[in-house]
2 protein chains.
Amino acid sequence: MTNNLEIICIGNELLIGKTLNTNANWLAKRVTNLGLNTTRITVVSDNITEISNAINEAINRNPRFILTTGGLGPTFDDKTLEGLAEALGTTTETNQQALQMVKEKYQSYAKQTKTGEIELTAARVKMANIPKGTKPLPNAVGTAPAVVAKHQNVTIFALPGVPSEMKAIFDESVAPVLQQASCGVTFYETSIETVNVMESEMAPCVDEVMHTNPYVYIKSHPKGEERLPQIEFHLSTTADDVDVAKKRVTEALVQLTELIRQKGGKITDIKSTE
Amino acid sequence: MTNNLEIICIGNELLIGKTLNTNANWLAKRVTNLGLNTTRITVVSDNITEISNAINEAINRNPRFILTTGGLGPTFDDKTLEGLAEALGTTTETNQQALQMVKEKYQSYAKQTKTGEIELTAARVKMANIPKGTKPLPNAVGTAPAVVAKHQNVTIFALPGVPSEMKAIFDESVAPVLQQASCGVTFYETSIETVNVMESEMAPCVDEVMHTNPYVYIKSHPKGEERLPQIEFHLSTTADDVDVAKKRVTEALVQLTELIRQKGGKITDIKSTE
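Engineer: What is the right way to read the overall build of chain A from this model?
Structural biologist: Helix and strand counts for chain A stand at nine helices and 12 strands. A principal-axis box enclosing the C-alpha atoms of chain A has dimensions of 75 × 40 × 35 Å. Burial analysis of chain A (274 residues in total) assigns 56% to the buried set. Within chain A, counting contacts between residues at least 6 apart in sequence, those at least 24 apart form 71% of the total. Put simply, chain A shows about 11,500 Å² of open surface, and 47% of that area lies on carbon and sulfur atoms. Separation of charge centres in chain A, based on 27 positive and 32 negative side chains, amounts to 4 Å.

Structure, rendered in structure tokens:
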């Protein structure tokens, strides 16, 4: 079984450039640090067929997990769960456990209103309509429950689009599952910032270091212009053991640093994160 | 022919969460303002098969344009043009016009070096290897030429990942083509910020306003929590004429504003952009 994971972000606001997709970035970073590989991020509109197609296409690439964000709320354009149901070949129904979660939320909000009551309208009940055979997950921060579905070998988590809600549910209900799945694999990365060498000049050096250190992936990120070069080299690896990961990256770093100096480059910063 | 466009972003740094995908956001906003619809954003790794698959899948959805970002540089992991070639059923070859562009760049950089010379290494020539039958586009800011390809009814632009280079090439070589294709369609949007109404309470009101104003799309973006509600309502439309677009959004806005007030909500800000 692979450790592959796909992220699907749902929302017209992402496709018109109104909203910067910080959710995908946050999730990708957390997923990587938990030892899994994000193999694709897909952004689609608030349209049932688009959502269903994106989920089906992801399922057919056989990842271990799919995370969706967005489209779980009370409005007409929150269509993720209908799209998920279509992808799973089923329909949505009011889930009693989800309805209980929604009711309890409004009961707690109602205490703060003048009348002490909040009506359970159709828009509010809608948040408890989830695909048959799936389970609701509690939303500690907001109202709409998240959903977990199992389909063939894929586990699908449908998370809200509001960042604070998405993050809280990820940490509570998703991260523990991913961590267990990755069996303690560690991602380790180091970045070095350089000046005075061109990316094109360093390209064969990067090849050489990666050839000597086959488990380390090195990517150069030009930041200035080619003629006023400022390059970040990002070295990363995954390993079962954090010390092994560190040792691999360090060995590659020593070799790369020496080659940068030989080419007349200067290292201005080194940053490591686990 | 549709006005649909897909964006494909290539780069492991996006999939490990190292880099926030500001390129997709910038492009999506510009594309929308030029009157086209971004229907999907896909992020894949620096892998020829992944890139080729993503491009092929996009082609099969029959958009009018595909924009790719990233993977045009001199290093081993800049694989976009090989992926594009594979998707187009061809291979890359050294394009003389592209080679001339690369040569001229290095000649101009060479003037600033001590020796006055920069060797045209394999890594540098690599940037002039583009798919057969495609054309290079000048890169005013950086070194690697961009590429334009026509396949069936789709025009594909392969742009660099470095934001300053991507933006310059988009403005110079892509925007004029998109503008002509959209035949002057205008996108118009207005946002209003509210407090004291819950998103779930406003959901049926939004339905009502969209029913009365079928050309206006309204989306609510909760910013606070459901119990301490702070909602942004985003109204948008596209029309052949900017005055028509403004009139449509304004009529919907008047109706929505009244409904927000009736529910006890307060409007704290209104922003319009063209």
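Engineer: Is there a simple way to think about the sheet that holds strand 11 (residues 230-239) of chain A in this case?
Structural biologist: Strands belonging to one sheet form pairs held by backbone hydrogen bonds; the direction of such a pair is parallel or antiparallel. All names here are of chain A. Within the open sheet, the four strands sit side by side as 10-11-9-12. Their pairing is antiparallel. Looking at which strands have only one partner, the edges of the open sheet turn out to be strand 10 (217-222) and strand 12 (266-273). The average undirected angle you get between the axes of adjacent strands in this sheet is 20°. Bridge analysis of strand 9 (residues 186-195) against strand 12 gives seven bridges, and the strand direction is antiparallel.

Engineer: Before we go on, may I ask you to explain the interface of chain B and chain A in this structure?
Structural biologist: Often the size quoted for an interface is simply the accessible area lost on bringing the parts together. Between chain B and chain A, the contact holds 65 residues from the first and 66 residues from the second. Between chain B and chain A the total buried area reaches about 5,300 Å² when both faces are included, carbon and sulfur atoms providing 55% of it. In this structure, Lys 219 of chain A engages Glu 13 of chain B in a salt bridge whose closest nitrogen and oxygen atoms are separated by 2.6 Å. Counting the contacts that link chain B with chain A gives 20 residue pairs in polar contact (both at pLDDT 80 or more). Of the residues in the side of chain B that touches chain A, the class split is 26 nonpolar, 20 polar and 19 charged. Taken together, the three bridges between strand 2 (residues 37-44) of chain A and strand 2 (residues 37-44) of chain B define a ladder with antiparallel strand orientation.

Engineer: Where do I start with the sheet that holds strand 11 (residues 230-239) of chain B in this structure?
Structural biologist: Residue and element names in this part refer to chain B. The antiparallel open sheet is built from four strands, whose spatial order is 10-11-9-12. Only two strands of the sheet have a single partner each, and these edge strands are strand 10 (217-222) and strand 12 (266-273). This sheet shows a mean twist of 20° between the axes of neighbouring strands, independent of strand direction. With six bridges joining them, strand 10 and strand 11 adopt antiparallel strand pairing. Bridging from a neighbouring strand, Tyr 217 pairs with Ser 236 of strand 11. Contacting strand 10 and strand 11, helix 8 (residues 199-212) runs over the sheet at an angle of about 170° to strand 10.

Engineer: For this particular structure, what's the right way to read the packing of helix 3 (residues 48-60) of chain B against helix 4 (residues 80-87) of chain B?
Structural biologist: Angle between the axes and distance between the axes: these two values describe a pair of packed helices. All names here are of chain B. Contact geometry of helix 3 with helix 4 gives a least axis separation of 8 Å together with a crossing angle of 50°. It follows from the interaxial angle that helix 3 and helix 4 lie oblique. Between helix 3 and helix 4 lies a crossing of right-handed hand. On the side of helix 3, the interface is formed by Ile 48, Thr 49, Ile 51, Ser 52, Ile 55 and Asn 56, while helix 4 contributes Thr 80, Glu 82, Gly 83, Leu 84, Glu 86 and Ala 87. Partitioning the contact of helix 3 with helix 4 into residue classes produces five nonpolar, five polar and two charged.

Cut-off values and rules
- Within every chain, residues take consecutive numbers counted from 1 along the sequence as written.
- Labels are handed out in written order, letters beginning with A for the chains and numbers beginning with 1 for the ligands.
- Thresholds applied to this predicted model are a pLDDT of at least 70 for local features of residues and 80 or more for the giving and counting of side-chain atom pairs; totals over whole chains, interfaces and linings are not thresholded and use all residues.
- Excluded from the side-chain calculation are hydrogens and water; included are all heavy atoms of the structure.
- Strands are runs of DSSP state E lasting at least two residues, helices are runs of H or I lasting at least four, and both sets are numbered from the N terminus onward.
- The buried label applies to any residue whose accessible area, calculated with a 1.4 Å probe on protein chains only, is under 20% of its type's maximum; exposed applies above 50%, and partly exposed to all values in between.
- Residues are treated as being in contact if the distance between any of their heavy atoms lies within 4.5 Å.
- Where accessible areas are quoted, they stem from the Shrake-Rupley method and a 1.4 Å probe; at the residue level, only the protein chains shown are allowed to cover.
- Positive: Lys, Arg. Negative: Asp, Glu. His and the chain ends are not part of the count.
- By convention, charge coordinates are those of NZ in Lys, CZ in Arg, CG in Asp, or CD in Glu.
- Strands are treated as partners if at least two bridges between them are detected by DSSP.
- Comment: axis = line fitted to C-alpha atoms, over the contacting stretch for helices; angle = value between 0 and 180 degrees taken between N-to-C directions.
- Here the buried area means the combined drop in accessible surface, using a 1.4 Å probe, for two parts upon being joined, counting both sides.
- Any Lys or Arg side-chain nitrogen found within 4 Å of a carboxyl oxygen on Asp or Glu counts as a salt bridge.
- Polar contact is defined as a pair of N or O atoms within 3.5 Å, subject to the rule that within protein one atom must be able to donate a hydrogen and the other to accept it, and that residues adjacent in sequence are counted only when both atoms are side-chain atoms.
- When residue character is reported, Ala, Val, Leu, Ile, Met, Phe, Trp, Tyr, Cys and Pro are called nonpolar, Asp, Glu, Lys and Arg charged, and the others, Gly included, polar.
- An angle below 35 degrees is read as roughly parallel, one above 145 as roughly antiparallel, one from 65 to 115 as roughly perpendicular, and any other as oblique.
- Two helices cross in a left-handed way if the nearer one is turned anticlockwise from the farther one by less than a right angle. They cross in a right-handed way if the turn is clockwise.

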